[in-house]
Amino acid sequence: MPDIFETIMHRCSIRRFEPKQIEETALQQILQAGLYAPCAGGRQGVIFAVCQDKEVNERLGKIKRANSNPRMATATSFVSRERPSIADDPKLTNAFYDAPTVITLFAPKNFLFSVDDCAVAAENMMLAADALGIGSCYIGQGWPAFADPYGQEILRQWNIPADHYAVMQLLLGYAKEGDKHPTPKPRKEGRVIRMGGAAK
Ligand SMILES: Cc1cc2nc3c(=O)[nH]c(=O)nc-3n(C[C@H](O)[C@H](O)[C@H](O)COP(=O)(O)O)c2cc1C
């Protein structure tokens, strides 16, 4: 296992995947990482819906793309040149980028910390995935993927409680073979403020 700091520096969003499915043991470890994330009030309210059905993931990813209106990239403002997002490339019709595993994180509609709970669980899972050699991508705003009759039917099939909503999706899969690991954008200056000066 790599060192935690190596993993943090190495993780990046993967948006081009091999069709090969991830191993079940790796999936179980990634889910454990999510289940052991901190959660507001210790309530453990997040539901992790794992879908490895290619057709379902593709249909939901296309519904999500059709219901998203991202601010499209310009020459100077873009998400990623190496791994274009749907905001960078209008030709991408699947907001889940054909990832073989898509985990939708559901949480209670009337809970103040639902988004926070899903975000910290997702970060734990993305770091676990990276440490296991699996690529991941965080997809914000999970609900548009279910915003049509097909999506509603899937929610019924998955037995998602009516008082929960899809906060986000986590994509998992092996990075496309031959792709260079993305280079992180340089970090913006001035984002850390130290009061009282550094300790001597
Ligand atoms: C809250 C949140 C929402 C995001 N939503 C999307 C998304 O809808 N589609 C996508 O391709 N990437 C999405 N991302 C991934 C970001 O684009 C990515 O983390 C960012 O560009 C930094 O790149 P890195 O992850 O490679 O460090 C999201 C990330 C976060 C934290």
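Scroll up a little and you will see the structure.
A brief look at the structure comes next. (Residues numbered from 1 in each chain as written. Predicted model: local features only at pLDDT ≥ 70, side-chain atom pairs only at ≥ 80, totals over all residues. Heavy atoms only, no water.)

1. Re the packing of helix α3 (residues 54-66) against helix α5 (residues 149-157)
Between two packed helices, both the angle of their axes relative to each other and the distance between the axes serve to describe the pair.
Thought 1: At a closest axis distance of 10 Å, the pairing of α3 and α5 adopts a crossing angle of 130 degrees. Considering their axes alone, α3 and α5 lie oblique with respect to each other. Crossing hand, α3 versus α5: left-handed. Judged by residue contacts, Val-56, Arg-59, Leu-60 and Ile-63 of α3 engage Tyr-150, Gly-151 and Ile-154 from α5.
Thought 2: Looking at the contact of α3 with α5 residue by residue, the class counts come to five nonpolar, one polar and one charged. (Axes fitted to C-alpha atoms, helices over the stretch in contact; angles between N-to-C directions. Helix = DSSP H or I, 4+ residues; strand = E, 2+ residues; numbered from the N terminus. Parallel < 35°, antiparallel > 145°, perpendicular 65-115°, else oblique. Left-handed = near helix turned anticlockwise from the far one by under 90°. Contact = heavy atoms within 4.5 Å. Nonpolar A, V, L, I, M, F, W, Y, C, P; charged D, E, K, R; others polar.)

2. Observations regarding a nonpolar patch on the surface
Thought 1: A cluster of nonpolar side chains, namely Ile-4, Phe-5, Ile-8 and Met-9, defines an oily patch on the protein surface of about 460 Å² accessible area.
Thought 2: Mapping Phe-5 onto the fold places it in helix α1 (residues 4-10).
Thought 3: Judged by relative accessible area, which is 58%, Phe-5 ranks as exposed. (Patch = residues over 30% accessible without salt bridge, like charges linked within 9 Å, V, L, I, M, F, W, Y side chains within 5 Å. Areas by Shrake-Rupley, 256 points an atom, 1.4 Å probe, with all protein chains shown as cover. Salt bridge = Lys/Arg side-chain N within 4 Å of Asp/Glu carboxyl O. Buried < 20%, exposed > 50% of the residue type's maximum accessible area, 1.4 Å probe, protein only.)

3. Re the packing of helix α2 (residues 24-35) against helix α4 (residues 114-131)
Thought 1: As a packed pair, α2 and α4 sit with axes 7 Å apart at the nearest point and diverge in direction by 150 degrees. As α2 packs across α4, the resulting crossing turns out to be right-handed. Every residue of α4 that contacts α2 at Ile-30, Leu-31, Ala-33 and Gly-34 is listed here: Ala-121, Asn-124, Met-125, Ala-128 and Ala-129.
Thought 2: Residues that form the contact of α2 with α4 fall into these classes: seven nonpolar, two polar and no charged.

4. As for the pairing of strand β4 (residues 164-173)
Thought 1: Burial within β4 is extensive, with nine of its 10 residues counted as buried.
Thought 2: Pairing geometry for strand β2 (residues 101-108) and β4, over eight bridges, is antiparallel. Bridge pairing in β4 links Ala-107 to Tyr-165.
Thought 3: Pairing of strand β3 (residues 135-140) with β4 involves six bridges; the strand directions are antiparallel. Residue pairing for β4: Ile-139 is matched across the bridge by Gln-169. (Pairing = 2+ DSSP bridges.)

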